[in-house]
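Commentary on secondary and tertiary structure
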Protein chains: 2
Amino acid sequence: MYRNKTCGELRLKDVGTQVVLAGWVQRIRKMGGMTFIDLRDRYGITQLVFNEEANASLCQEANKLGREYVIQVTGEVNERYNKNANLPTGDVEIIVSELRLLNASQTPPFTIENNTDGGDDLRMKYRYLDLRRECVRANLELRHKFCMEVRRFLDSKGFLEIETPVLVGSTPEGARDFVVPSRMNPGQFYALPQSPQTLKQLLMVAGMDRYFQIVKCFRDEDLRADRQPEFTQIDCEMSFVEQNDILCLFEEMAKHLFKTVRGYDLGEAPFLRLPWSEAMRRFGSDKPDMRFGMEFVELMDVLKGTGSFAVFNEAEYIGGICAKGCAHYSRKQLDELTNFVKTPQIGAKGLVYARVGEGGEVKSSVDKFYTQDVLEKMRDQMQAEAGDLILIISGPDAMKARKQLCELRLLMGERLGLRDKNKFALLWVVDFPMFEWSDEEQRLMAMHHPFTAPKPEDVPLLDTDPAKVCANAYDMVCNGVEVGGGSIRIHDSVLQSKIFKVLGFTEERAQKQFGFLMNAFKYGAPPHGGLAYGLDRWVSLFAGLDSIRDCIAFPKNNSGRDVMLDAPSTLEPGQLEELCLKTVLPGK
Amino acid sequence: MYRNKTCGELRLKDVGTQVVLAGWVQRIRKMGGMTFIDLRDRYGITQLVFNEEANASLCQEANKLGREYVIQVTGEVNERYNKNANLPTGDVEIIVSELRLLNASQTPPFTIENNTDGGDDLRMKYRYLDLRRECVRANLELRHKFCMEVRRFLDSKGFLEIETPVLVGSTPEGARDFVVPSRMNPGQFYALPQSPQTLKQLLMVAGMDRYFQIVKCFRDEDLRADRQPEFTQIDCEMSFVEQNDILCLFEEMAKHLFKTVRGYDLGEAPFLRLPWSEAMRRFGSDKPDMRFGMEFVELMDVLKGTGSFAVFNEAEYIGGICAKGCAHYSRKQLDELTNFVKTPQIGAKGLVYARVGEGGEVKSSVDKFYTQDVLEKMRDQMQAEAGDLILIISGPDAMKARKQLCELRLLMGERLGLRDKNKFALLWVVDFPMFEWSDEEQRLMAMHHPFTAPKPEDVPLLDTDPAKVCANAYDMVCNGVEVGGGSIRIHDSVLQSKIFKVLGFTEERAQKQFGFLMNAFKYGAPPHGGLAYGLDRWVSLFAGLDSIRDCIAFPKNNSGRDVMLDAPSTLEPGQLEELCLKTVLPGK
């Protein structure tokens, strides 16, 4: 070893001992005849001292070092005169007696500090330097700890981690597959799994009973917002269970993770289980942020047809939220909110507001259409009090209007400081619809995936009104983020065929794509179900990060590029030839 | 839950309790008015009893069940009259009061027993049924336990598991890469990593200090023998270490794994560290099986030029092994051995043998060329005794002859029962050559990989005689199998450039392929090193398996096909078009 101590472990009790440290030069300061160096490694920072008077040549050597040089030092632990309360090692320093340069460094392109001067692109290109920053490294340490605890917990519950293959078959349903040409089978391709869904179901058919895997998944999507072409799932499946068994076990896991990894107590009470339709009604979202209230109040009975405001009179939905104490909002602030809901991403036509005055009187943007009496009824329905601001959205499509109001609720929650990153509110959203209509494809699509079991009592509806069928599906939601989701699966090949039919699969295509699974179901498939968590997202939540990128060692950018490795890139001509492939670039 | 007990946990103490079990029908036997069913789940087998007299209709239902039907039963635990000592649950049975059919099964295409009648191909196609067999399932359980212990151990030593990307850049050095066309970057490709070698080195540059990952790797090789296109590595890297630190730590890990997972005590003594040249000299192998001796004895001084046998007189190597007590081998047996070494895979020209008689006299196949005096000198050099058989191989190329003799040694070890699967002999092979000459490529190739550090004292040889340079590289060998290997890495960009030059890289190509790494080395790379284990191989050794396939849930066959999923396969035309690709099949 190049060291016998790390830069994070020395304390007052070590004073007087000889130590050897190795690490990076974080900072050099010269003060009079003294040179101070902050030496950094993964474990912390320790101050080194060189005294020109005591050892001039050694001090001279130290003065030649630069930022990020790698050095090894031998010296004696000394109590610091000026202690640094911000550092765990801040009580001591090393009086260096030997210095060995292990590697020099060019000046890094940005400062290796939590508050760095490096832009996003630069930090991605030099990700190996970005990772040296304590705040980035801490995310990877958290991720490691998180995964260790997931494994410890699931192992203790009898789950086996079983690796499923990465080179599988293409199943072009849902998102696009990444494909891999096979040299040994010319003209044929593997696909990278979007999730091990069918494979874990086969493991249940195989009698493995309780399976999990922390596993890479792949989706060739256009990368909006916070997506990565490769991401990591905590994938779980159990046999001989009903929905409640799964919810209880994974609730326990969530509590365990919060306690051991995040030091946060979620309490003893079971998580709220909110039916999807209720979540949509009360929050306009299938992943409501429950850190705060501000629930939707439906105002159809109060405002539709009770005045001359045509917009409301024609609406299929009128709903409001009450922003406590915001009656003082200026015209400018209200215009901002209106512009927000009118952005194309949100798509509302407008926003109606109403201030509740000190005496309870209501001043609204639609004053001229309603009597004060109606407006006060509205105020009462909203349970708004003096000083509150009521924000109302309406529209011809109830679902769309609710989603618009949801965005407004989240924004107001943010503004009112109700979305504290150090507070966590978890719940289950249950009873999802089986299908949702796709305008693009002009057919019903699986809301979760085609292997989700319908609620037994809804099975007859498959023939008559499939859009009404509810599924035994559930999502775990934390702070407005879907951290995981799953379902009880179909374990019957006849029912599975029927679902494929509802989804518009021809029998031939169903057989070609999922024949292996339907065939397996003929040999004694047990009842089973499971769920999958998005690891990146969950770790980001724990770390209080805005982007999943920051908890991934080497993430890709929005064009799916790794700018550090410069991947993807063109191949050498021989490689394509061996694969029996030719690129046909557009316009060539 | 469909059960409150598993099929593996009931014992005499449970007699009299009501239980609910669920599982698969393993076997049905009718005896008089009784029907006995062996109910199986992952945890074991429990006998169910149906009594026609007590409940005729229930018994009738039971009689309608078939093999692999999935059922749920309620009943009372009863002490068995005929106990089965072979089953942990063999003292009890369930007197069934309720039976619920959960799923029927077609007759499986082979019997779900350890001794099955299913051939390899059939079992691969129905792998989900094959996995139900206890002997296959046990391998996956072992694999899970193995990985849990690896993680526990490395976590306790301060290692962080860090995920590296699966979509990386192609580096066509060594084996072929699998590639992945990028839709978002037309004409460009990702590659799947052959190992995370360069990425883990970047993590060391990033100051992560101790890294590991249990990770899928990919090699598009023609699949000889026991290879899989995707396989799993335990990948490790450490900073600020010397070779000895790594060997000590991973020796400790090996001992831990053997003790906790295999229940095998490797003892306190450190592993043997055998220089590569000595391993080749004494065993003709860089992964010698040390469960037995039968070491090579060089016979050049005794047999070259001391008689008229031209083959020996022209040989560059003559070496023998002594098979204790095999002097009685018949002519036929000896011919068999000769034919064995003459097979094309081994390639020896012939085999010379010598029997040591009761009086110490030597009877050899080359009697007529040597005096008895010479032959007895040879016998003494071999330390052969009465009743022993000496087997000698010679050739014009010492390395080749040694490898041939190695194969013979392993065969004789097998025949003499010296290669017990329940005995384990571990060692380190160290001091590997940096390079080996490739006849095919007509250049020096990296014996480990191009990032391996030469021994510091050998660095000057890089300019004068690179073939003589030894590396700070090491392999962990168990029972003649290389379970892992690694090296101290180069952390200096100048030395790294020099090695690329010796390997015949132009500066431009080195920059294109590995520029990101050499660039990273300019910003304070710490001294570092590590190793990687082949997980599949190690688990196979623990399980006593002949093939790594048996410890992989869904392996591929020798053509790289998953016959269960029928992957790879052709794509839908639109998929290729989106990727700007065309297949060009040979002859079309």
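Residues numbered from 1 in each chain as written. Chains lettered and ligands numbered in written order. Predicted model: local features only at pLDDT ≥ 70, side-chain atom pairs only at ≥ 80, totals over all residues. Heavy atoms only, no water.

As for the domain arrangement of chain A
Along its sequence, chain A is organised into domain 1 (12-103), domain 2 (138-273 + 426-551) and domain 3 (292-415). If you average the C-alpha positions of domain 1 of chain A and of domain 2 of chain A, the two centres end up 51 Å apart. (Domains from an automatic or database assignment.)

Thoughts on the packing of aromatic side chains
All told, the structure shown has 48 aromatic pairs over all chains when counted by the stated rule. With a centroid separation of 6.3 Å and 50 degrees between ring planes, the pair formed by Phe424(B) and Phe542(B) is classed as tilted. Of the two residues, Phe424(B) sits in the loop between helix H12 (398-415) and strand E17 (426-430) while Phe542(B) sits in helix H16 (residues 535-543), which places them 118 residues apart along the sequence. We classify Phe542(B) as buried; its relative accessible area is 3%. By the ring-pair criterion, three or more aromatic residues cluster together here, those being Phe146(A), Phe159(A), Phe250(A), Phe258(A), Tyr264(A), Phe424(A), Tyr533(A), Trp538(A) and Phe542(A). Lying across the ring of Phe292(A), Arg409(A) places its NZ or CZ 4.0 Å from the centre. Of note, Arg509(A) hangs over the ring of Phe505(A), and the distance from its end group to the ring centre comes to 4.3 Å. (Phe/Tyr/Trp six-rings, centres within 6.5 Å; stacked < 30°, edge-to-face > 60°. Helix = DSSP H or I, 4+ residues; strand = E, 2+ residues; numbered from the N terminus. Buried < 20%, exposed > 50% of the residue type's maximum accessible area, 1.4 Å probe, protein only. Lys NZ or Arg CZ within 6 Å of the ring centre and 35° of its normal.)

Topic: the relation of the copies chain A and chain B
The two copies are related by a screw operation: chain A maps onto chain B through 180 degrees of rotation and 0.0 Å of translation along the axis, at an RMSD of 0.1 Å. Taken together, the rotation and translation relating the two chain copies correspond to the operation of a two-fold axis. With an isologous cut-off of 70% or more, the 100% of interface residues of chain A that recur at the interface of chain B puts this contact in the isologous class. (Least-squares fit on C-alpha atoms with pLDDT ≥ 70 in both. Contact = heavy atoms within 4.5 Å.)

Things to note about the interface of chain A and chain B
Tallying the contact residues gives 127 residues for chain A and 127 residues for chain B. Buried area between chain A and chain B, both sides added, is near 11400 Å², and the carbon and sulfur share of it is 60%. It is Glu163(A), Phe240(A) and Tyr523(A) in chain A that bury the most area against chain B; as a group they hold 7% of the surface buried on that side. Counting across the chain A and chain B interface gives 12 salt bridges. Of the charged contacts, one joins Arg151(B) and Glu161(A) as a salt bridge, the two residues approaching to 3.5 Å between their closest N and O atoms. Take the side of chain A that touches chain B: its biggest share by element is 9 residues, from helix H4 (residues 134-156) of chain A. (Buried area = accessible area lost by both parts, 1.4 Å probe. Salt bridge = Lys/Arg side-chain N within 4 Å of Asp/Glu carboxyl O.)

Side note on the pairing of strand E3 (residues 44-51) of chain B
Looking along a regular strand, one sees side chains alternate from face to face of the sheet. Residue and element names in this part refer to chain B. E3 sits mainly inside the fold: 7 of its 8 residues count as buried. Taken together, the 8 bridges between strand E2 (residues 34-41) and E3 define a ladder with antiparallel strand orientation. The residue bridging Arg 40 from the neighbouring strand is Ile 45, located in E3. Hairpin geometry of E2 and E3 is characterised by an intervening segment of 2 residues between the two adjacent antiparallel strands. Two strands pair when backbone bridges link them, and E3 and strand E5 (residues 92-103) are joined in this way by 3 bridges, in the parallel orientation. Residue Val 49 lies in a different strand from E5, and its bridge partner there is Ile 95. (Pairing = 2+ DSSP bridges.)

Describing the sheet that holds strand E22 (residues 528-534) of chain B
Backbone-to-backbone hydrogen bonds pair the strands of a sheet. The strands run either parallel or antiparallel. All names here are of chain B. What the 8 strands build is an open sheet, ordered E6-E9-E10-E22-E21-E20-E17-E11; its pairing is mixed. In the strand order of this sheet, the two ends are held by strand E6 (160-161) and strand E11 (272-275), each with one partner. As paired elements, E6 and strand E9 (residues 210-218) share 2 bridges and run parallel to each other. By the bridge assignment, Glu 161 is partnered in E9 with Phe 212. Of the strands in this sheet, E9, strand E10 (230-239), E11, E17, strand E20 (473-478), strand E21 (481-488) and E22 touch helix H6 (residues 243-262), which is tilted by about 15 degrees from E20. Against the sheet, H16 touches E9, E10, E20, E21 and E22, its axis set at about 55 degrees to E22. (Axes fitted to C-alpha atoms, helices over the stretch in contact; angles between N-to-C directions.)

Examining the sheet that holds strand E13 (residues 317-323) of chain A
All names here are of chain A. Reading across the sheet, the 5 strands line up as E12-E13-E16-E14-E15 and stay open at both edges, with antiparallel pairing between neighbours. Unpaired on one side and paired on the other, strand E12 (297-298) and strand E15 (362-364) mark the two borders of the sheet. In terms of strand pairing, E12 meets E13 through 2 bridges, oriented antiparallel. When the sheet's bridge partners are listed, Glu 298 is paired in E13 with Gly 319. Along the sheet, helix H11 (residues 372-381) makes contact with E12, strand E14 (352-356), E15 and strand E16 (389-395), crossing E15 at roughly 100 degrees.

Considerations on empty space enclosed by the protein
Inspection of the entire model under this criterion finds 11 cavities of 30 Å³ or more. If you add up the space inside the largest cavity, you get close to 500 Å³. Looking at the largest cavity, it is lined by 30 residues, and the ones nearest its centre are Ile214(A), Val215(A), Arg151(B), Ile214(B) and Val215(B). Mapped by element, the contributors of at least two residues to the lining of the largest cavity are H4 and strand E9 (210-218) of chain A together with helix H4 (134-156) and E9 of chain B. With 5 residues, H4(B) is the single largest residue contributor to the lining of the largest cavity. Residue composition of the lining of the largest cavity, grouped by class: 12 nonpolar, 8 polar and 10 charged. Estimated volume of the second largest cavity: approximately 150 Å³. Where the lining of the second largest cavity is concerned, the elements lending two or more residues are H4 and strand E10 (230-239) of chain A. Among the elements that take part in the lining of the second largest cavity, E10(A) stands out by supplying 3 residues, more than any other. (1 Å grid on protein atoms, 1.4 Å probe; cavity = no way out; pocket = protein on both sides within 12 Å on 5 of 7 lines; lining within 4 Å. Points joined across faces, edges and corners; volume = space filled by probe spheres on them. Nonpolar A, V, L, I, M, F, W, Y, C, P; charged D, E, K, R; others polar.)

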